[in-house]
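Residue-level structure breakdown
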Amino acid sequence: MEQYGMTIGLGILMGTLARAYMLRSDYRQYPGYPHGYVTHMSLGFIAAALGSVALPAIAEKEFAAVTFLALAAQQFREVRNMERESLAALDEAELVPRGQDYIEGIARVFEQRNYLVIVTALATSSVNFFTRWPLLSILTGFAFLGVSEYLMKGKILGDIAKVEAGRLHFEGPLLKVNEIEIMNVGLPEMREKILRDGLAVVIHPKDDNARSTLHNMGQRQAIANVATAILGTKKDIDTPEFTPMVRKNIDIGSIALFCVPAEKDIESLVAAVERVPVLESARRAPLKTKAGRIAAD
Amino acid sequence: MAKDQLLAVVTLNKEAVGGDVPIFFVSTEEEQSRVAGTLAQVMKAMVHDVGNGVYIIVKH
């Protein structure tokens, strides 16, 4: 046992550290409360323990121990379900919901983080196991932390599209952003209020892949949700007129976001929209196919 | 149940409407927007201008 103490200990330490490092929370990454942290830290610890005992178990010819990894995978899939269910339940109380796609994306990330923890712990313990050099294994742990961060970094909207301020105006009762139709607003006082307090941006996709990604309704809902999370909204349950809306220009495929934020600041809105994550489930790549490339020119 | 529901009609033009939705007849545009605004607020719905002197109240 003693001969593996350092190996397993270091694996668990680096794995748990990796989980803690990936636990940064910002406006879109739940958890935002202590109970959530405790849950994820404990699961991270378990993942780290599993990762670091794998190699010593094999060295001891305890092959059955490896099957525990399969059990772990099952466990972490459960994490994903847990996150999905709790976020979906919370979503019902949101004025501007995150939407299914966004929730699925967040839930998936939480599952993946545990696998990254296993890999980090496995790498750390393996290096110590083979070299008997704790410092080197700690360094490996940090290297894997860096790799994990790289892997966790998804694309943002700013990478696939250009975001610029749009002009809100009415054509009769029809609200438009530049040439893109948003909705029909009946009440004259609401129209005035929208013109006074509303903001709009237009999102120009950089290529055909970006265009089809942006046309996904889940992606659009995520844009509306992030804009609201950052700038607030004047919408209340009895003023559906102020609901943020994301509509497309059917001819050229650009996207317009209209919202009535609590803080009217166009620079902030552009910055917020540029940082909206591109959802994994919304990503499309027609340009990777031959037919898509033919259509593009 | 359909997702979008037509809840009521507020009209200046008696000829333009009919059917089994609640219809509110009004005589001025001010009255029309006031009535429509109140109804929309009460029912947490939205007012749309159909264009021919008719406002519809739709729950989205």
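Relevant structure appears above.
Residues numbered from 1 in each chain as written. Chains lettered and ligands numbered in written order. Predicted model: local features only at pLDDT ≥ 70, side-chain atom pairs only at ≥ 80, totals over all residues. Heavy atoms only, no water.

Here the focus is the overall build of chain A. Helices and strands together make up the secondary structure of chain A, namely 11 helices and seven strands. Restricting the contact set of chain A to residue pairs at least 6 apart, pairs at least 24 apart contribute 76%. Of the roughly 14700 Å² of accessible surface on chain A, a fraction of 60% belongs to carbon and sulfur atoms. Looking at charge distribution, chain A has the averaged site of its 33 positive side-chain charges lying 5 Å from that of its 34 negative ones. (Helix = DSSP H or I, 4+ residues; strand = E, 2+ residues; numbered from the N terminus. Contact = heavy atoms within 4.5 Å. Areas by Shrake-Rupley, 256 points an atom, 1.4 Å probe, with all protein chains shown as cover. Lys, Arg positive; Asp, Glu negative; His and termini not counted. Charge placed at Lys NZ, Arg CZ, Asp CG, Glu CD.)

Now for the interface of chain B and chain A. Accessible area lost when the parts come together is the quantity often used to give the size of an interface. Taken together, the contacts link 11 residues of chain B with 13 residues of chain A. Across the interface of chain B and chain A, roughly 990 Å² is buried in total on both sides, 61% from carbon and sulfur atoms. Among the residues chain B hides against chain A, the three largest losses belong to B:K44, B:M46 and B:D49. Together they make up 49% of the total. Linking chain B with chain A are one salt bridge. Where B:D49 meets A:R191, a salt bridge forms, and the shortest distance between an N and an O atom there is 3.4 Å. Put simply, chain B and chain A have six residue pairs in polar contact (both at pLDDT 80 or more) between them. Residue assignment for the side of chain B that touches chain A shows that the elements contributing at least two residues are α1 (29-43) and β3 (46-49) of chain B. (Buried area = accessible area lost by both parts, 1.4 Å probe. Salt bridge = Lys/Arg side-chain N within 4 Å of Asp/Glu carboxyl O. Polar contact = N/O pair within 3.5 Å; in protein donor to acceptor, adjacent residues only side chain to side chain.)

The strands making up a sheet are joined through hydrogen bonds of the backbone, oriented either antiparallel or parallel. All names here are of chain A. Here four strands make up an open sheet; going across it, the order is β1-β5-β7-β6 and the pairing antiparallel. Since the sheet does not close on itself, it has two edges, and those belong to β1 (161-165) and β6 (245-248), each with one partner. Each neighbouring strand pair of the sheet contributes to a mean axis angle of 20 degrees, computed without reference to strand direction. In this sheet, strand β7 (residues 255-259) lies alongside β6 in antiparallel orientation, the contact comprising four bridges. Residue pairing for β7: K248 is matched across the bridge by I255. (Pairing = 2+ DSSP bridges. Axes fitted to C-alpha atoms, helices over the stretch in contact; angles between N-to-C directions.)

Turning to the pairing of β3(B), a few remarks are in order. Residues and elements named next belong to chain B. The two faces of β3 match: M46 and H48 on one face and V47 and D49 on the other face are all buried. Sheet topology note: the β3/strand β4 (residues 54-59) ladder contains four bridges and is antiparallel. The partner of M46 across the bridge, within β4, is V58. In textbook terms, the turn of a hairpin is the stretch between consecutive antiparallel strands, and for β3 and β4 this stretch comprises four residues, one of which, G51, has a positive phi near 115 degrees. (Buried < 20%, exposed > 50% of the residue type's maximum accessible area, 1.4 Å probe, protein only.)

On to the packing of helix α2 (residues 34-59) of chain A against helix α3 (residues 67-91) of chain A, then. Residues and elements named next belong to chain A. Where α2 contacts α3, the two axes come as close as 11 Å, and the packing angle between them is 160 degrees. In terms of their interaxial angle, α2 and α3 are classed as roughly antiparallel. Considering the relative orientation of α2 and α3, their crossing is left-handed. Together, T39, H40, L43, A47, L50 and A54 of α2 and F68, L69, A72, F76, V79, M82 and E83 of α3 make up the contact between the two elements. (Parallel < 35°, antiparallel > 145°, perpendicular 65-115°, else oblique. Left-handed = near helix turned anticlockwise from the far one by under 90°.)

Moving on, we get to the nonpolar core. Residues A:L157, A:I203, A:I223, A:L257, A:L269 and A:V273 are the most contacted members of the largest nonpolar core, which totals 47 residues. Looking at this core, the element that brings in the most residues is helix α4 (residues 100-131) of chain A, giving eight residues. Domain assignment of the residues forming this core places at least three in each of domain 1 (2-153) and domain 2 (158-296) of chain A. Once residues within four sequence positions are removed from consideration, A:I223 is found in contact with A:L157, A:I203, A:L214, A:L257, A:V273 and A:V276. Core analysis: the second largest hydrophobic core is formed by 29 residues, A:I180, A:F242, B:A40 and B:M46 among them. (Core = buried A, V, L, I, M, F, W, Y, C linked by side-chain atoms within 4.5 Å. Domains from an automatic or database assignment.)

When strand β1 (residues 5-11) of chain B meets β4(B), the two strands line up antiparallel, connected through six bridges. Along β4(B), the bridge assignment pairs B:Q5 with B:K59.

To continue, consider unusual backbone geometry. Residues and elements named next belong to chain A. Here K61, not a glycine, exhibits a phi torsion of approximately 60 degrees, which is positive. Positionally, K61 belongs in the loop between α2 and α3. Overall, the relative accessible area of 63% leaves K61 in the exposed class. For N178, which is not glycine, the phi torsion reads 50 degrees and is therefore positive. Structurally, N178 can be placed in the loop between β3 (174-177) and β4 (180-184). Given the relative accessible area of 29%, N178 is considered partly exposed.

Attention now moves to the side chain of B:Q32. All names here are of chain B. With respect to the secondary-structure elements, Q32 resides in helix α1. Looking at Q32, the relative accessible area reads 2%, which means it is buried. Among the polar contacts listed, one links the side chain of Q32 to the backbone oxygen of V10, at a separation of 3.2 Å. Residues contacting Q32, with those up to four places away along its chain left out, are V10, T11, L12, V26, G53, V54 and Y55.

This part covers α3(A). Residues that lie three or four places apart on an α-helix share one face, since the helix turns once every 3.6 residues. All names here are of chain A. Relative to the 36 Å expected for 25 residues at 1.5 Å per residue, α3 spans 37 Å between its end C-alpha atoms, a close match to the ideal helical length. Residues of α3 that are buried include every one of A72, F76, V79, E83, L87 and D91, and no others. Elements in contact with the buried residues of α3: α2 and α4. (Expected span 1.5 Å × (residues − 1).)

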